[in-house]
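Take a look at the letters that make up each chain.
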Amino acid sequence: MNPTGEVRAGERREELRRRLLAIGFDEVRFAAAADPGGGGLHDWLAAGMHADMAWMERTAAKRADADLVLPGARSVIVLGVNYWPGATADAKRSTANQPRWARYVLHDDYHDTIKAGLVAAGKVLESLCGAAAADYRYYVDTGPVLERGWAARAGIGFLGKNGMLISRQHGNWLFLAAILTRLDIAPDAPLRKKPLPDGGREPAGLLCGKCARCAEACPTQAITAPGVVDARRCISYQTIENKGAIPRELRAGIGHGIYGCDVCLEVCPWNRFAREGRRLLLATRYELAELSLREVLALTPARFAEVFRRTAVKRLKLTGLLRNACVVAGNSGDEALLPALVKLAAHESPLVRAHAVWAVRKISPPKADELLRETRAREMDASVLAEYAATV
Ligand code: B12
Ligand code: SF4
Ligand code: SF4
């Protein structure tokens, strides 16, 4: 490293990598910030696949070009954190008829815990590189940066047909983060051997071969082409990002998935190389997977705040979680849940009421009219009345 902020290959660059690994990142690699890489993003947005995530549209130009985020950016430090829980903990994650949580959410919110690592990484950068390193931007799913594209560019892994950044060491189970800097750091090589194809876009499915397990397993057919996920059909979007009603035609596909979806990740053969994560930047909350559906359906605002404190679930809010729980209950076919669902059909939120009505009618078409007689008589909201009238 010299006073102009050049960090060429060699001892100093490897010292930086060593110190960032020691903080708790499981992958630390470097990419040159020069070429924009948003070709795929623009097509995806033009097709409306971002659903109502308007913030994706607003920040599209920045996402495609690091220079618009940090003028004069020269390098991207791309970081990965392995969150594979190991086979034993994973086996406990869900049993039949238990609500199923995406693995990533069974931690204190990773945006917070990994951010602490990024703050520490910034200090390392400053101490190693001095004034030239002082201005940088760091993100962990928190900024306008195409994290998977940069990770592929830096050689952390390849973009799978499921859209995920897949690592040969960690499979699909890597959180990604990025630091944009004006330092000139010699880049690491990507896994592809050929120059980049169209518009700086990393090829999807580089190491997938003929495999198509992810697209075949997706319960809602959300993978429309290799590497392309239509958020409108994706259970992860519907159960986390969508604040409104879950489209009726997608509810059955959600199965037991109460928050997020790991189906296209867990079927991937590259996971066989994954080892249990070190979790230096994570705090596990595996006990959440043991909550029964009955407990979730009975959550009060106070209990919700207590159970999901510090987790990403708190952003969904109680109404969002109850909405999802009603869908899972409907799919379970479990008549023992009917009393809890009938109670939720009188909930103060029309969103919860609508999904509770759907669930009661799904579980027991013959009993539904009788069970819902009172709530139906009192119902004034058009969206909920539509659920009473719909075919299930
Ligand atoms: C919006 C979003 C979603 C949306 C849309 C998903 C999607 N397909 O993009 C929804 C809510 C559905 C979602 C779901 C999930 N998400 Co999400 N999501 C994001 C977010 C915020 C933006 C992704 C994005 O830009 N999408 C638009 C598409 C078009 O872009 P893309 O998939 O990144 O791929 C493009 C780039 O790679 C680009 N590209 C190609 N070559 C190059 C080269 C360069 C240099 C550059 C810059 C770009 C580039 O072109 C590709 C498109 O063709 C990122 C965080 C971030 N800031 O990047 C997390 C992120 C992608 N999600 C993540 C996770 C964990 C998930 C889930 C697994 C959560 C779950 N269990 O429920 C699912 C997986 C669904 C799936 N199969 O993709 C992780 C993925 C980690 C990994 N190893 O890949 C991320 C990176 C968050 C993080 N910091 O860890 N997500
Ligand atoms: S996360 Fe689930 S719904 Fe979304 S593409 Fe993957 S398998 Fe399909
Ligand atoms: S499941 Fe198969 S096709 Fe899908 S990402 Fe993994 S290797 Fe590629």
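Each chain has its residues counted from 1, running along the sequence as written. Ligands are numbered from 1 and chains lettered from A, in the order in which they are written. Side-chain atom pairs in this predicted model are given and counted only at pLDDT of 80 or more, local residue features only at pLDDT of at least 70, and totals for whole chains, interfaces and linings cover all residues. For the side-chain quantities, the full set of heavy atoms in the structure was used; hydrogens and water were omitted.

### Remarks on the nonpolar core
Reasoning step 1: With 91 residues, the main nonpolar core has Phe25, Ile77, Trp101, Ile114, Tyr259, Phe308 and Leu321 as its most contacted residues.
Reasoning step 2: Shared between two domains, this core holds at least three residues of each, these being domain 1 (6-200) and domain 2 (292-392).
Reasoning step 3: Leaving out residues up to four positions away in the same chain, phenylalanine 25 has contacts with Leu20, Leu79, Gly80, Val81, Ile114, Gly117, Leu118, Ala121, Arg278 and Leu281. Here, the term nonpolar core denotes a set of buried Ala, Val, Leu, Ile, Met, Phe, Trp, Tyr and Cys residues that are joined through side-chain atoms within 4.5 Å. Throughout, exposure labels follow a simple rule: accessible area from a 1.4 Å probe, protein chains only, divided by the maximum for the residue type, with under 20% read as buried, over 50% as exposed, and the rest as partly exposed. All the domain ranges listed were derived from an automatic or database domain assignment. Contacts are assigned to residue pairs with any non-hydrogen atoms lying within 4.5 Å of each other.

### Concerning the site of ligand 3
Reasoning step 1: Here a residue counts as near a molecule or strand whenever at least one of its heavy atoms sits within 4 Å of it. Residues in close proximity to ligand 3 include Gly160, Lys161, Asn162, Ile166, Cys208, Cys211, Ala212, Arg213, Cys214, Cys268, Pro269 and Trp270, which together make up its full environment.
Reasoning step 2: For the shell around ligand 3, the residue count by class is eight nonpolar, two polar and two charged. Ten residues, namely Ala, Val, Leu, Ile, Met, Phe, Trp, Tyr, Cys and Pro, are considered nonpolar, four, namely Asp, Glu, Lys and Arg, are considered charged, and the remaining ones, Gly among them, are considered polar.

### Things to note about the packing of helix H15 (residues 317-332) against helix H17 (residues 350-363)
Angle between the axes and distance between the axes: these two values describe a pair of packed helices.
Reasoning step 1: Closest axis-to-axis distance for the H15/H17 pair is 8 Å, and the angle between their directions is 5°. With respect to each other, H15 and H17 are oriented roughly parallel. Across from Thr319, Leu322, Arg323, Cys326, Val327, Ala329, Gly330 and Asn331 in H15, the residues of H17 making contact are Leu351, Val352, His355, Ala356, Trp358, Ala359, Lys362 and Ile363.
Reasoning step 2: Across the contact of H15 with H17, the residue classes break down as 10 nonpolar, four polar and two charged. In this analysis, axes come from line fits to C-alpha atoms, helices being fitted only over the stretch in contact, and the angle between any two N-to-C directions falls in the range 0 to 180 degrees. The secondary structure listing takes helices from DSSP runs of H or I that are at least 4 residues long and strands from runs of E that are at least 2 residues long, numbered from the N terminus. Each angle receives one of four descriptions, namely roughly parallel if under 35 degrees, roughly antiparallel if over 145, roughly perpendicular if within 65 to 115, and oblique otherwise.

### Some points on the packing of aromatic side chains
Reasoning step 1: For Phe, Tyr and Trp, where Trp contributes only its six-membered ring, two rings pair if their centres lie within 6.5 Å, and the inter-plane angle classes them as stacked under 30 degrees, edge-to-face over 60, or tilted in between. Considering all chains together, one arrives at 13 aromatic pairs under this definition.
Reasoning step 2: An angle of 25° between the planes, with centres 5.6 Å apart, marks the rings of tryptophan 84 and tryptophan 173 as stacked. Here tryptophan 84, found in the loop between strand E3 (75-82) and helix H6 (87-92), pairs with tryptophan 173, found in the loop between strand E7 (165-166) and strand E8 (174-181); they are 89 residues apart in sequence, far enough to count as distant. Side by side, tryptophan 84 and tryptophan 173 carry an identical accessibility label, which is buried.
Reasoning step 3: Ring geometry for tyrosine 104 against tyrosine 110: centres 5.9 Å apart, planes inclined by 85°, an arrangement best described as edge-to-face.
Reasoning step 4: Residue class for tyrosine 110 comes out buried when judged on its relative accessible area of 10%.
Reasoning step 5: Among the aromatic side chains, those forming a connected cluster through ring pairs are Tyr83, Trp84, Trp101, Tyr104, Tyr110, Trp173, Phe175, Tyr259, Phe304 and Phe308.

### Thoughts on the pairing of E3
Reasoning step 1: For E3, the buried fraction is high: eight of the eight residues fall into the buried class.
Reasoning step 2: Residues Ser75, Ile77, Leu79 and Val81 point to one face of E3 and Val76, Val78, Gly80 and Asn82 to the other, with burial holding for every one of them.
Reasoning step 3: Looking at chain direction, strand E2 (residues 27-32) and E3 are connected through six bridges and run antiparallel. Paired with valine 28 across the strands is leucine 79, a residue of E3. DSSP calls a pair of strands paired once it identifies at least 2 bridges connecting them.

### Regarding the sheet that holds E3
Reasoning step 1: As summarised here, the arrangement of the four strands in space is E2-E3-E8-E5, forming an open sheet in which the pairing is antiparallel. Edge strands, defined here as strands with exactly one partner in the open sheet, are E2 and strand E5 (136-139). When the angles between neighbouring strand axes are averaged without regard to direction, this sheet yields 20°.
Reasoning step 2: Both E5 and E8 contribute to a ladder of four bridges, which runs antiparallel. When the sheet's bridge partners are listed, tyrosine 138 is paired in E8 with isoleucine 179.
Reasoning step 3: Against the sheet, helix H7 (residues 110-129) touches E3, E5 and E8, its axis set at about 155° to E5.

### Comments concerning the pattern of salt bridges
Reasoning step 1: The working definition used for a salt bridge is a side-chain nitrogen of Lys or Arg within 4 Å of a carboxyl oxygen of Asp or Glu. The tally for this structure, following the rule as stated, stands at 28 salt bridges.
Reasoning step 2: With a closest N to O distance of 2.9 Å, aspartate 26 and arginine 278 form a salt bridge. Residue aspartate 26 is found in the loop between helix H1 (11-23) and E2, and its partner arginine 278 is found in the loop between helix H12 (263-266) and helix H13 (293-297); the two are separated by 252 residues along the sequence.
Reasoning step 3: Under the relative-accessibility criterion, aspartate 26 is labelled buried at 15%.
Reasoning step 4: The salt bridge involving arginine 248 is made with glutamate 387; its shortest N-O contact spans 3.3 Å. Highlighted residues: arginine 248 in helix H11 (residues 248-254) and glutamate 387 in helix H20 (residues 382-389), separated in sequence by 139 residues.
Reasoning step 5: Residue class for glutamate 387 comes out buried when judged on its relative accessible area of 4%.

### What about the domain arrangement of the protein chain?
Reasoning step 1: Domains assigned within the protein chain are domain 1 (6-200) and domain 2 (292-392).
Reasoning step 2: Each of domain 1 and domain 2 has a C-alpha centre, and the two are 37 Å apart.
Reasoning step 3: Across the domain 1 to domain 2 interface the summed buried area is about 870 Å²; carbon plus sulfur atoms make up 59%.
Reasoning step 4: On the domain 1 side of the contact with domain 2, Pro99, Trp101 and Asp109 bury the most area, a combined 47% of that side's loss.
Reasoning step 5: Taken together, the connections running from domain 1 to domain 2 amount to two salt bridges.
Reasoning step 6: Of the charged contacts in the structure, one is a salt bridge between aspartate 108 and arginine 310, with a shortest N-O distance of 3.1 Å.
Reasoning step 7: Under this definition, polar contacts are N or O atom pairs within 3.5 Å; protein pairs additionally need one hydrogen-donor-capable and one acceptor-capable atom, and for neighbouring residues in sequence, both atoms have to be side-chain atoms. At the junction of domain 1 with domain 2, the criterion picks out four residue pairs in polar contact (both at pLDDT 80 or more).
Reasoning step 8: Looking at the side of domain 1 that touches domain 2, its residues break down into three nonpolar, four polar and two charged. Buried area counts how much accessible surface, traced with a 1.4 Å probe, disappears from two parts once they are put together, with both parts' losses summed.

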